[in-house]
Amino acid sequence: MRVLTTNSKSKMIEIRPIKNQQELEEMFYQRWLVLRKPLGMERLSEKDEFDDSDSAVHLVAVFHNKIIGSARLRQVSPEVGSISYVAVLPEFQNQGIGTKLMNKLIEIAQKKNIQAVKLRARINALNFYKRLGFREEGELHDYRGIPHIFMYRKLANR
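Residues numbered from 1 in each chain as written. Predicted model: local features only at pLDDT ≥ 70, side-chain atom pairs only at ≥ 80, totals over all residues. Heavy atoms only, no water.

**A look at the packing of aromatic side chains**
By convention here, two paired aromatic rings are described through the distance between centres and the angle between planes. Worth spelling out the cut-off: Pairing of aromatic side chains here covers Phe, Tyr and the six-membered ring of Trp, requires ring centres within 6.5 Å, and sorts the geometry by plane angle: under 30 degrees stacked, over 60 edge-to-face, intermediate tilted. The rule for a charge over a ring is simple: NZ of Lys or CZ of Arg within 6 Å of the ring centre, and within 35 degrees of the ring normal.
Counted by the stated rule, this structure contains four aromatic pairs. Ring geometry for tyrosine 129 versus phenylalanine 134: centroids 6.0 Å apart, planes at 75 degrees, classification edge-to-face. Ring-pair connections join several aromatic residues into one group, and the members of that group are Phe128, Tyr129 and Phe134. Positioned over the ring face of tyrosine 85 is arginine 31, at 3.6 Å from the centre of the ring.

Spelled out as structure tokens, the structure:
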């Protein structure tokens, strides 16, 4: 399940699942740096009760043995998956890494015969998810002090 990609600066980025507990902790730290620290939130706010679930798949983007991006897929029912915590370190953003993480999660969801995936998008990431085929559902709502909206994408059967 390895995917190698190069970004515009010709750096090798590896997209793959978490390998061990130490890497999982490094991923949580990277997730906190990107998603929670800028909001003034404390460590451990980047985790939830589903991170240790058997249905959770954690992917990371790795550059020179450093986790620079991460995302999670969780199967919430036989037909529906939930994507969350898509995070890329600022210095690596806008280089296609988030897209690679999302595409790999969607591929994994399709292999699990998941029919659709949903997510909660920050408003500033709305166009990113729209480019990946997600559509808005419902109304804007506040989550952790930031406007969000639910998004949904049906998956093609394999």
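This is not the end of the story, as more comes after the structure.
**Describing the nonpolar core**
Note on soluble globular proteins: their nonpolar side chains tend to be buried together. Selection rule: Throughout, nonpolar core names a set of buried Ala, Val, Leu, Ile, Met, Phe, Trp, Tyr and Cys residues whose side chains join them through atoms within 4.5 Å. Using a 1.4 Å probe on the protein chains alone, a residue whose accessible area is under 20% of its type maximum counts as buried, one over 50% counts as exposed, and one in between counts as partly exposed. Each helix corresponds to a stretch of at least 4 residues labelled H or I by DSSP, and each strand to a stretch of at least 2 residues labelled E; elements are numbered beginning at the N terminus. What makes two residues a contact is simply this: any of their non-hydrogen atoms within 4.5 Å.
In this structure, Ile83, Met102, Tyr129 and Phe134 are the most contacted members of the largest nonpolar core, which totals 38 residues. It is helix 2 (residues 97-111) that contributes the most residues to this core, seven residues altogether. If we ignore the near neighbours within four places in the chain, the residues touching isoleucine 83 are Arg72, Leu73, Met102, Leu105, Ile106, Val117, Lys118, Leu119 and Phe134. Leu24, Phe28, Val62 and Ile67 belong to the second-largest nonpolar core, a separate cluster that totals six residues.

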